[in-house]
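Now for the letters of each chain:
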Amino acid sequence: MMIRRIKKTAVILGLLLIIIGSLLFMASIQKTPSSFTYGVSFSKLHADELSLDWKKVYLAALNELGIKHLRLSAHWPNIEPKNGQFDFSALDFQMNEARAHGADVILTVGRRLPGWPECHEPQWAYGFSKEEKQTELLAYVEAVVKRYKNYPNLLYWQVENEAFLTFYAKHHCNDFFDAEFFDKEIQLVRAIDPDTPIFLTDSGELSLWYPAYKRADVFGTSIYLYVWNHTFGAIRYPIIPAFFRIKHNVVELLTPQKPAIVSELSLEPWLLQPIAETPLDVQLGRMDISKFNEIIEFAKKTDFDTHYLWGIEWWYYMKEKNHPEFWERAKEIYLESE
């Protein structure tokens, strides 16, 4: 009996070693794409935080940088400032201008959307129970999807952002998330607009990907190299591009392959307080042009051929502060983009 158990254990360990070895071998083979597609995440909310004219920033992105791939956010507080009263004016402007400029759009809906504090809900919903908030959230999602589903430049619906990263921003997100309700959100979007793929995202450094990947039609990962850690302070994650290739190989072994991109390539400083309250030298210490370029080159080696950059509002803000190097570098990147 003991010998059988030993043999069984040896077989299992052998198989695990073969799998791990195969993954490491596949990851070591870099399949750098011959060309790259670059998009950008734009947030009216973030532009407002920086006291920028958000329309001016958005139009500069389209006209000066020539961006053709956008990820936009239907932040719930902006869309439904009063219960049952929707204001689509800002998002209409963004969608219509994108269409006029020949740019496609990933449109994000949900409570947890790009940008701090991660989870966004209108003030009128603060006192609601979890179940009441979920009911109201579904009504808002339905209104957004019905309004924009027929836009010809709508590329994907993104439902929530990094939904399974539940330990991050816990103070703001609390215990609202559960997988069953997340599936209801996805099902609702599919039911209203069955023709547009569902795009789901997860953290590149802090998540396993599988729960989001298996639910998605298209998957997106974030990449953050320079961050702030409460124990170590400002750090660079000790990872190499192969880290992402290994994770990608693992999820493709576990579930059918599907398109995958970098949904959020962080190119603005990670700070402990709002940008507008942080001295410029601190901002530049966390993200200067050399780090900016390092991150771009790092992402190229992950084998993803499509990257949505994060930080355009900050690049514009820095241009206004006599530091145009980020905006000018972005201009070069988008000029070269497919």
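First, a word on what this report is: a plain description of the structure on this page. Values in this document were obtained by computation on a predicted structure and should not be read as measured data.

Viewed as axis vectors pointing N to C, helix H12 (residues 289-300) and helix H14 (residues 325-336) meet at an angle of 25°, and their least axial separation amounts to 10 Å. Taken together, the axis directions place H12 and H14 in an arrangement best described as roughly parallel. Note that H12 runs across H14; the crossing there is right-handed. For the pair formed by H12 and H14, the contact residues are Ile289, Phe292, Asn293 and Ile296 on the first element and Glu325, Phe326, Arg329 and Ile333 on the second. Looking at the contact of H12 with H14, its residues break down into five nonpolar, one polar and two charged.

Right, let's talk about the side chain of Thr221 for a bit. Here Thr221 shows up in strand E6 (residues 218-223). For Thr221, a relative accessible area of 0% puts it in the buried group. Within the local environment of Thr221, its side chain forms a polar contact with the backbone nitrogen of Gly204, the two atoms lying 3.4 Å apart. Among all residues touching Thr221, those that are not within four sequence positions of it are Asp202, Ser203, Gly204, Trp209, Phe244, Ile261, Val262, Ser263, Glu264 and Phe304.

Taking strand neighbours around the barrel as the criterion, the eight strands line up as E1-E2-E3-E4-E5-E6-E9-E10 in a closed arrangement whose pairing is parallel. Averaged over all adjacent pairs, the angle separating strand axes in this sheet is 30°, with direction ignored. Here strand E4 (residues 154-159) pairs with strand E5 (residues 198-202) via two bridges, running parallel. Opposite Trp157, over in E5, you have Ile198 as the bridge partner. Each of strand E3 (104-109) and E4 touches helix H6 (residues 130-148); the most contacted strand, E3, lies at about 165° to it.

As for its position among the elements, Val262 is in strand E9 (residues 260-266). Overall, the relative accessible area of 0% leaves Val262 in the buried class. As for Val262 and Tyr308, which are separated by 46 residues in sequence, their C-alpha atoms are 6.1 Å apart. Non-local contacts of Val262, meaning those with residues more than four positions away in its chain, are made with Thr221, Ile223, Phe304, Thr306, His307 and Tyr308.

Under the criterion given, the structure shown has 28 aromatic pairs. Taken together, a centroid distance of 6.1 Å and an interplanar angle of 85° make the contact between Phe244 and Phe298 edge-to-face. With Phe244 in helix H10 (residues 242-254) and Phe298 in helix H12, this residue pair connects regions lying 54 residues apart in the sequence. With respect to class, Phe244 is no different from Phe298; both count as buried. Ring centres 5.8 Å apart and planes at 55° place the aromatic pair Phe292 and Phe326 in the tilted group.

One pass over the structure, following the stated rule, counts 14 salt bridges. The shortest N-O distance in the salt bridge between Glu142 and Lys146 comes to 2.7 Å. One end of the pair is Glu142 and the other is Lys146, both in helix H6 and four residues apart, which spans about a single turn. Sharing partners across several salt bridges, the network here consists of Arg111, Glu121 and Lys133.

The interhelical angle for the contact between H6 and helix H8 (residues 179-192), taken along N-to-C directions, is 25°, at an axis separation of 10 Å. Relative to H8, the element H6 lies roughly parallel. Here H6 and H8 pass one another in a crossing that is right-handed. Between H6, through Gln134, Leu137, Leu138, Val141, Glu142, Val145 and Lys146, and H8, the contact on the second element is made entirely by Phe181, Glu185, Leu188, Val189 and Ile192.

Rules of the game
Residues numbered from 1 in each chain as written. Predicted model: local features only at pLDDT ≥ 70, side-chain atom pairs only at ≥ 80, totals over all residues. Heavy atoms only, no water. Axes fitted to C-alpha atoms, helices over the stretch in contact; angles between N-to-C directions. Helix = DSSP H or I, 4+ residues; strand = E, 2+ residues; numbered from the N terminus. Parallel < 35°, antiparallel > 145°, perpendicular 65-115°, else oblique. Left-handed = near helix turned anticlockwise from the far one by under 90°. Contact = heavy atoms within 4.5 Å. Nonpolar A, V, L, I, M, F, W, Y, C, P; charged D, E, K, R; others polar. Buried < 20%, exposed > 50% of the residue type's maximum accessible area, 1.4 Å probe, protein only. Polar contact = N/O pair within 3.5 Å; in protein donor to acceptor, adjacent residues only side chain to side chain. Pairing = 2+ DSSP bridges. Phe/Tyr/Trp six-rings, centres within 6.5 Å; stacked < 30°, edge-to-face > 60°. Salt bridge = Lys/Arg side-chain N within 4 Å of Asp/Glu carboxyl O.

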